Amino acid sequence: MNTPLVSINIPVYKCENYITRCLESVKAQTYQNIEIILINDCTPDNSISLIEKFIENNLNLNIKLLHHKENSGLSVVRNTGIDNSTGEYIYFLDSDDDITSDCIEKLVKNVSTENTQMVIAQNRWINTFDGSTKDFGFPTDFSKLIFNDNEAIFNAYCKGAFPVSSWNKLIKLSFIKENNIYFIPGLYAQDELWMFHVMEKINSLSVIKDITYNYYLHANSVIFNRTKKNSENHQTILEWVTRSFEKTSDKNRKKLIRGWIVNFKKLILQMQWKVLKDEEYFKTNYARMKKAPSLTISDYLSADFTKEQKKENLLLNLPINIGYKIFKKRYEG
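Note that this is a predicted model, so its numbers are computed, not measured. (Residues numbered from 1 in each chain as written. Predicted model: local features only at pLDDT ≥ 70, side-chain atom pairs only at ≥ 80, totals over all residues. Heavy atoms only, no water.)

Structural notes on the overall build of the protein
Check the secondary structure of the protein and you find 13 helices and 10 strands. Here the protein has a C-alpha radius of gyration of 21 Å; the compact-globule value for 333 residues is 20 Å, and the two agree. Dimensions along the principal axes, computed over C-alpha positions, put the protein at roughly 65 × 40 × 40 Å. Accessible surface, the protein as shown: approximately 15,500 Å² in total, 51% of it carbon and sulfur. Here the protein contributes 43 positive and 39 negative side-chain charges, whose respective centroids are spaced 8 Å apart. (Helix = DSSP H or I, 4+ residues; strand = E, 2+ residues; numbered from the N terminus. Rg over C-alpha atoms; globule rule 2.2 N^0.38 Å. Areas by Shrake-Rupley, 256 points an atom, 1.4 Å probe, with all protein chains shown as cover. Lys, Arg positive; Asp, Glu negative; His and termini not counted. Charge placed at Lys NZ, Arg CZ, Asp CG, Glu CD.)

Notes on the packing of aromatic side chains
A full pass over the atoms with the stated rule returns 23 aromatic pairs. Seen in terms of ring centroids, W125 and Y215 are 6.0 Å apart; in terms of plane orientation they differ by 40 degrees. Their pairing is tilted. Of this pair, W125 sits in strand β6 (residues 118-127) while Y215 sits in strand β10 (residues 205-217); the two residues are 90 residues apart in sequence, bridging distant segments of the chain. When sorted by exposure, W125 lands in the same class as Y215, which is buried. One aromatic cluster in this structure is built from W273, F282, Y286, Y324, F327 and Y331. A cation over a ring is seen here: R78 above F183, with NZ or CZ 5.9 Å from the ring centre. In this arrangement the basic side chain of R243 is found over the ring face of W240, its NZ or CZ atom lying 4.3 Å from the centre. (Phe/Tyr/Trp six-rings, centres within 6.5 Å; stacked < 30°, edge-to-face > 60°. Buried < 20%, exposed > 50% of the residue type's maximum accessible area, 1.4 Å probe, protein only. Lys NZ or Arg CZ within 6 Å of the ring centre and 35° of its normal.)

Remarks on the pattern of salt bridges
In total, this model carries 14 salt bridges according to the counting rule given. Residues D98 and R21 are paired through a salt bridge, measuring 3.5 Å at the closest nitrogen-oxygen approach. Placement of D98 in strand β5 (residues 98-99) and of R21 in helix α1 (residues 19-27) is noted, with a sequence separation of 77 residues between them. As a salt-bridge pair, D191 and R78 come within 4.0 Å of each other at their nearest N and O atoms. A residue pair is termed long-range when its members are at least 10 positions apart, and D191 in helix α7 (residues 190-201) and R78 in helix α3 (residues 74-84) qualify at 113 residues. (Salt bridge = Lys/Arg side-chain N within 4 Å of Asp/Glu carboxyl O.)

What to know about the packing of helix α9 (residues 251-276) against helix α13 (residues 320-332)
It is the contact of α9 with α13, at a shortest axis distance of 12 Å, that shows an interaxial angle of 70 degrees. The angle between the axes of α9 and α13 places the two elements in the roughly perpendicular class. Note that α9 runs across α13; the crossing there is right-handed. Taken together, the residues of α13 that come into contact with α9 (itself represented by K266, L269, Q270 and W273) are Y324, F327, K328, Y331 and E332. Residues that form the contact of α9 with α13 fall into these classes: 5 nonpolar, 1 polar and 3 charged. (Axes fitted to C-alpha atoms, helices over the stretch in contact; angles between N-to-C directions. Parallel < 35°, antiparallel > 145°, perpendicular 65-115°, else oblique. Left-handed = near helix turned anticlockwise from the far one by under 90°. Contact = heavy atoms within 4.5 Å. Nonpolar A, V, L, I, M, F, W, Y, C, P; charged D, E, K, R; others polar.)

Section: α3
Considered for burial, the residues of α3 that qualify are S75, V77, R78, N79, T80, G81 and I82. Tucked into the core, α3 has its buried residues touching β1 (6-12), β2 (34-40), β3 (63-67), β4 (89-92), α6 (173-178) and α7.

Describing the side chain of S7
If you trace the backbone, S7 turns up in strand β1. By relative accessible area, S7 is classed as buried at 0%. Side chain to side chain, S7 and E35 meet in a polar contact 2.4 Å long. Polar contacts involving the side chain of S7 include one to the main-chain amide nitrogen of G87, which spans 2.9 Å. Look past the residues within four positions of S7 in its chain and what remains in contact with it is E35, I37, S85, T86, G87, Y89, I90 and Y91. (Polar contact = N/O pair within 3.5 Å; in protein donor to acceptor, adjacent residues only side chain to side chain.)

Below, the structure is given as structure tokens:
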């Protein structure tokens, strides 16, 4: 097996309770040709002293600790990591999670064997509240494991085949840099849009069924800390995707993006209502989302969209007051 250098990128911000566990999991890798890129986004806690102690005790490891001059957010952290990575491949790992000891070995073996630009592995949710676990918490469609053309990849992605997280994917670093696929600064849900941009361009991709990533659910997890600002970020993502829709002249790609938008709109509204339960804000977002591309009459006659998507598209494009009443009835009874 080839042994290319792998750059493991880890953001550092308010992670003193998790960072040592995370780093120990990287240290335990059976695959040794790695560099660890840690980016300090002006963390106010004890994380840096813990990292410095870890570095001091593990001088044999290839570790870079980089410091931002001001707090810039996760998107900028990821971009700093990309620019300072020197490996053939890059791997994103969040500081409150950890990876199995054979994670990088399995991923490198796969991309080397299949000669793909990216490999996607699987995850396990660990609930720190009750100690329970859930395999494939962010699910993957295993009906096809190797893709060698962008059309097939983008088709599968728009239909929800792959998790949208940036982590737990080994990616050719040159692909990211040559295509200028960076994270958009200021976005809360930055992975969703970044993944969309990756899927627009990538030409080969493989999937493995092995669980290599432990995703911890705790009080500070992103999934439990959504605010109105986060909802605005979802609107920004929708606007960026609409730009991609308007730029392409490929009719099939336009159709795929329309389907993606229907699914995303539904998700946005459900998440916003669950967290905020704000009638006026719901109506404002409902009105804004109606400006995004929707299914066409020919789409309703096509077998390319499910009955559920056609139904959701209709419900997402009603007069605002009617749309709100139906939505509330559906989700609250």
